[in-house]
Amino acid sequence: AGTTPQGTDPTTSFTVLNTGGAPLEITGASVMNSVTNGGLFSVTPSTATISAGGSATFDVTLSGSLAGSYTTDVTFNSNDPATPSFTFTVTGEVIPKRVTQGQPQSGAPGTEVRIYGTGFDTDKTDVVTIGGQTATINNVLNGGAAMDVTVPSGTGGGTVNVSVEFTGGTTSTLANTFDVVTGG
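A few points on the structure.

Scanning the protein for helices and strands turns up zero helices and 16 strands. Taking 184 residues into account, the globule formula puts the C-alpha radius of gyration at 16 Å, and the protein, at 23 Å, lies well above it. Overall size of the protein, expressed as C-alpha extent along the three principal axes, is 85 × 30 × 20 Å. The buried share of the protein, reckoned over its 184 residues, is 36%. Of the roughly 9200 Å² of accessible surface on the protein, 49% is carried by carbon and sulfur atoms. Taking the 4 positively charged and 13 negatively charged side chains of the protein as two groups, their mean positions are separated by 12 Å.

Spelled out as structure tokens, the structure:
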């Protein structure tokens with residue numbers, strides 16, 4: 001299922017090809033959900049009829065709600081007398097949403113700062129604060145791995161925190177990492 005930032009649900013498609021001369025009935029496509037994989041996998045559709053020489057696509061999805069590495073077995077049961085059951089393993093990793101750094105590390109209100117991390121919402125719905133003031137998100141780049149924000153007017157001078165409250169409620173903070181320069 002791949003690697004994804006927390007809060008997104010990656011889907012990997014698998015195609016089943018019927019090389020036989022009769023319809024292939026997939027009577028059950030399932031995933032082995034367990035405590036170790038958090039019950040975070042699903043497969044759709046769960047059944048299919050594939051005509052001779054035809055194919056069907058199945059999607060395995062990993063819920064990106066919990067950070068961690070996960071593995072599951074995907075099983076297809078069918079009416080194929082030679083291989084009535086076929087199982088393979090799928091792995092996925094959910095990377096926690098977090099802020100890793102900001103550049104530059106100092107500036108006056110109005111300065112644009114590039115924040116790096118994982119899982120920034122490309123629709124710009126995360127909330128960024130610099131020194132307790134809400135910053136404007138100008139751009140989200142690289143599929144949510146960076147964003148440009150503007151230091152808000154009214155941000156006091158000195159060394160402050162830069163925080164991102166991600167869509168869904170997770171917050172990540174760069175503590176005491178930005179120096180707000182004020183006139184005077």
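Don't stop here, the text continues.
The strand order β1-β8-β7-β3-β5 describes an open sheet built from five strands, whose pairing is mixed. Lying at the two open borders of the sheet, with one neighbouring strand each, are β1 (2-5) and β5 (48-50). Across the sheet, the mean angle separating the axes of adjacent strands is 30° when strand polarity is ignored. Summarising the sheet, β1 and strand β8 (residues 85-95) pair through four bridges and their orientation is parallel. If you follow G2 over to β8, its bridge partner there is G92.

What follows is about the sheet that holds strand β14 (residues 146-150). Taking strand neighbours across the sheet as the criterion, the eight strands line up as β9-β11-β14-β13-β12-β15-β16-β10 in an open arrangement whose pairing is mixed. Of all strands in the sheet, those with a lone pairing partner are β9 (98-103) and β10 (106-107), marking the two edges. Note: β10 against strand β16 (residues 171-180), two bridges, orientation parallel. For S106, the partnering residue across the bridge sits in β16 and is D179.

Looking now at the packing of aromatic side chains. Under the definition given, this model contains five aromatic pairs. Measuring from ring centre to ring centre gives 4.9 Å for F14 and F88, while their planes differ by 55°; the resulting arrangement is tilted. Here the residue F14 occupies a position in strand β2 (residues 11-17), and F88 occupies one in strand β8, the gap between them amounting to 74 residues. Among the residues examined, F14 registers a relative accessible area of 24% and is labelled partly exposed. Ring centres 5.7 Å apart and planes at 10° place the aromatic pair F120 and F166 in the stacked group. Taken as a pair, F120 in the loop between β11 (112-118) and β12 (127-130) and F166 in the loop between β15 (158-165) and β16 lie far apart in primary sequence, 46 residues in all. Residue class for F120 comes out buried when judged on its relative accessible area of 3%. In this structure an aromatic cluster arises from ring pairing among F14, F58, F76, F86 and F88.

About the criteria used
- Residues numbered from 1 in each chain as written.
- Predicted model: local features only at pLDDT ≥ 70, side-chain atom pairs only at ≥ 80, totals over all residues.
- Heavy atoms only, no water.
- Helix = DSSP H or I, 4+ residues; strand = E, 2+ residues; numbered from the N terminus.
- Rg over C-alpha atoms; globule rule 2.2 N^0.38 Å.
- Buried < 20%, exposed > 50% of the residue type's maximum accessible area, 1.4 Å probe, protein only.
- Areas by Shrake-Rupley, 256 points an atom, 1.4 Å probe, with all protein chains shown as cover.
- Lys, Arg positive; Asp, Glu negative; His and termini not counted.
- Charge placed at Lys NZ, Arg CZ, Asp CG, Glu CD.
- Pairing = 2+ DSSP bridges.
- Axes fitted to C-alpha atoms, helices over the stretch in contact; angles between N-to-C directions.
- Phe/Tyr/Trp six-rings, centres within 6.5 Å; stacked < 30°, edge-to-face > 60°.

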